[in-house]
Each structure stands twice: as structure tokens, then as C-alpha cells.
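What follows is the residue order along each chain.
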Amino acid sequence: MAIGVFDSGVGGLTVHRAMVDRLPTADLIYLADQANAPYGGRPGEQIVDLTRAGCERLFDQGCDLVILACNTASAIALRRLQQTWLPGYRKTKGRALNILGIIVPTIEAATGLPWEHEAERRGDKVEHLDVLGVFSTPGTAASRVYEIEIDKRRQDVAVFSEPCPNLARMIEEGAPEADLKAAVDGHVTALSKRIGRMPDRAILGCTHYEIIAGLFRAALPPGTPLIHQPGATADAIGRYLERHPEYDPGASGLRRFLTTGKPGPQNGHVTTFWGGPLSFDGV
Ligand code: DGL
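A few points on the structure. Quick caveat, the model's predicted, so the values are computed rather than measured.

Rules used throughout
Residues numbered from 1 in each chain as written. Predicted model: local features only at pLDDT ≥ 70, side-chain atom pairs only at ≥ 80, totals over all residues. Heavy atoms only, no water. Buried < 20%, exposed > 50% of the residue type's maximum accessible area, 1.4 Å probe, protein only. Helix = DSSP H or I, 4+ residues; strand = E, 2+ residues; numbered from the N terminus. Pairing = 2+ DSSP bridges. Right-handed = clockwise from strand over helix to strand, strands pointing away. Core = buried A, V, L, I, M, F, W, Y, C linked by side-chain atoms within 4.5 Å. Contact = heavy atoms within 4.5 Å. 1 Å grid on protein atoms, 1.4 Å probe; cavity = no way out; pocket = protein on both sides within 12 Å on 5 of 7 lines; lining within 4 Å. Points joined across faces, edges and corners; volume = space filled by probe spheres on them. Nonpolar A, V, L, I, M, F, W, Y, C, P; charged D, E, K, R; others polar.

Remarks on the pairing of strand β2 (residues 28-32)
Among the five residues that make up β2, five are buried, leaving the element largely enclosed by the rest of the structure. The alternating pattern of β2 places Leu-28, Tyr-30 and Ala-32 on one face and Ile-29 and Leu-31 on the opposite face, and all of these are buried. Two strands pair when backbone bridges link them, and strand β1 (residues 2-7) and β2 are joined in this way by five bridges, in the parallel orientation. Counterpart to Phe-6 in the pairing with β2 is Leu-31. Regarding the hand of the β-α-β motif, the stretch spanning β1, helix α1 (residues 13-22) and β2 is right-handed. Across five bridges, the pairing between β2 and strand β9 (residues 255-259) is parallel. Bridge pairing in β9 places Leu-31 opposite Leu-258.

Structure representation (C-alpha cells):
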């Protein structure tokens, strides 16, 4: 079988890249739902429907495991699909199938704790020492998933989310570097004004943003650690595959790149990130 990697667009390539580093022989099929990107400002029900359709396409392509390389889909659709759709779908297909997201590994990396760990609440006043900024789509920010899940585990970490409404679209459309820089600078300034200071660490909580991580690094104080979501996700998938031998990741190093949008080469930001041209086939 192959592992499916799904995103609304090119952002999930950042996770795909880390997966190739971690699992070089695995067969990977990437699907970008560019006909419907961006997802970040869409109503939740649409995000659930589009994510289900993307997973179905990848399962039909022979994938047994699909990675939602998208924070918005992971935050809004994953639990719903796992609870209400996947059990019945598995039965109709008669094989082991699963969908994994990228938020759990990111929270594990940000807290330094396994997902199962939930801190005992003692009711004491806790000094928030560590201020964590999360840059994300409006959908992910509205879900408050990072605030809720990190707060359950680490009362010494204060999470502040900054929704960046147009940023994924700009990256997807290949906006000029100067426009991207102005947008990133604006979001970093807005977040720091809200907090009253710059964050100590940050999560680029939309996979598209990793493509322009350099602009975030330049806008934040020098040396601000960025939690590396793609690396944390790839490591978690590696561990999942070790625990679940029923999912065979394949061994021929297959790389297929599919889009529901316009087939062909991707924009210059993607080429720079990828280190060369990358062309998608239509589905
Ligand atoms: N790359 C996605 C994410 O991580 C989605 C961006 C979008 O489509 O708005 O949230």
C-alpha cells in the first residue's frame, strides 16, 4: 500500500518532505485539494465534507493510512471523521484504514509530554513562564485546539493564537515576497501587541507557513524557537507504523503528486522550498 498525504494545497508538502526524510522507502501519494483551497475561512461542515472527500480519493488510490497534513482539517474534521464516518467506511472496504492528524504530534513537541499526559489540576496560581505564539488559519484559531490541549498539560505555558486570514491563499497563489513579508510582519506585530511582548516560542500552525518559515524567523526576535511541526509529525508516523504493522507503508519510494485543481508546475515559493520544480497531476 501507500501512505496518503492530504492538504488543501501545497502546505502539506512540508510534512511530505519530513516524511521522506524519516521514511525514505515509503510509498507516498500526495493530494492537494486546490480546487477548494484555502480551507481556513470555510464553515466547519464544509471542511469536514471536503476532508472526507480527500480521504476517500486517497483510499481509492490504494492508501490504507492517510495523514491530514493540514491543521485546519486536523482541528475541525479529524475527530468527526474518525468517530462517525471511518468505522462504517472500513466495513464497506473490508480492510484496515486510518486517518491521522498533525496536531497531536505538534502538541507533544510543544509540551515535551506524551499526548496521554494530562496535568493534575491543583488550583494553585501558576506563573506563566513560557509564552507560546501560534500562527494559524482563522478556522484553526477559532477551534482553540492549541490553547485547550496545551493548557490541559502544561499550566506554565500560555498560548496566544494569531489568525492569519489571507496568508495560506497568498502562499498558494505565489504572492510576491514583499507582500508576504508585510503580511507576516503585520501578524507578528499584532500578536506581540496583544501579548504585551514577543512570544518565547512559536508554532507555525498552518502547514503552508513552513514554506515561508524564513519570514517568520526574520520577524520574530533572533533565535526564537519554532516548533517544527513537519518533523514532529514524521517522527510520530514512524512510531505509529512500528506499533501498527497492519499498515504497510510500501518500500519502493513511490512519489505521486495529485491535485483537484489545475495540474502542472507549482509556484516559485514551492519550487524554492522544494529545491526544484514540482509538477502535480490532475485527478
Ligand atoms: N495548510 C492548511 C493548514 O495547515 C490549510 C490552509 C488553508 O487551506 O487555509 O491549516
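This is not the end of the story, as more comes after the structure.
Focus on the nonpolar core
One recurring pattern in soluble globular proteins is that nonpolar side chains are buried together. Judged by nonpolar contacts, the single largest core of 52 residues is most densely connected at Met-19, Phe-135, Leu-167, Tyr-209, Ile-212 and Phe-216. If one sorts the elements of this core by residue count, helix α9 (residues 177-195) sits on top with six residues. In contact with Phe-216, not counting residues within four places along its chain, are Phe-135, Leu-167, Val-184, Val-188, Leu-204 and Tyr-209. With 25 residues, the next largest nonpolar core counts Ile-47, Leu-50, Cys-63 and Tyr-89 among its residues.

Some thoughts on the layout of surface pockets
For the largest pocket, the calculated volume is near 850 Å³. Going through the elements one at a time, α3 (71-76), α4 (78-93), β4 (98-100), α5 (103-111), α7 (145-153) and α11 (229-243) are the ones with two or more residues in the lining of the largest pocket. Counting residues per element, the lining of the largest pocket draws most heavily on α11, which supplies six residues. Considered class by class, the residues forming the lining of the largest pocket number 15 nonpolar, six polar and eight charged. Approximately 220 Å³ is the volume found for the second largest pocket. In terms of lining residues, the second largest pocket is bounded by Gln-34, Ala-37, Pro-38, Arg-169, Glu-172, Glu-173, Lys-262, Pro-263, Gly-264, Pro-265, Gln-266 and Asn-267. Sorting the residues of the lining of the second largest pocket by element identifies α8 (167-173) and β10 (264-265) as the ones contributing at least two each.

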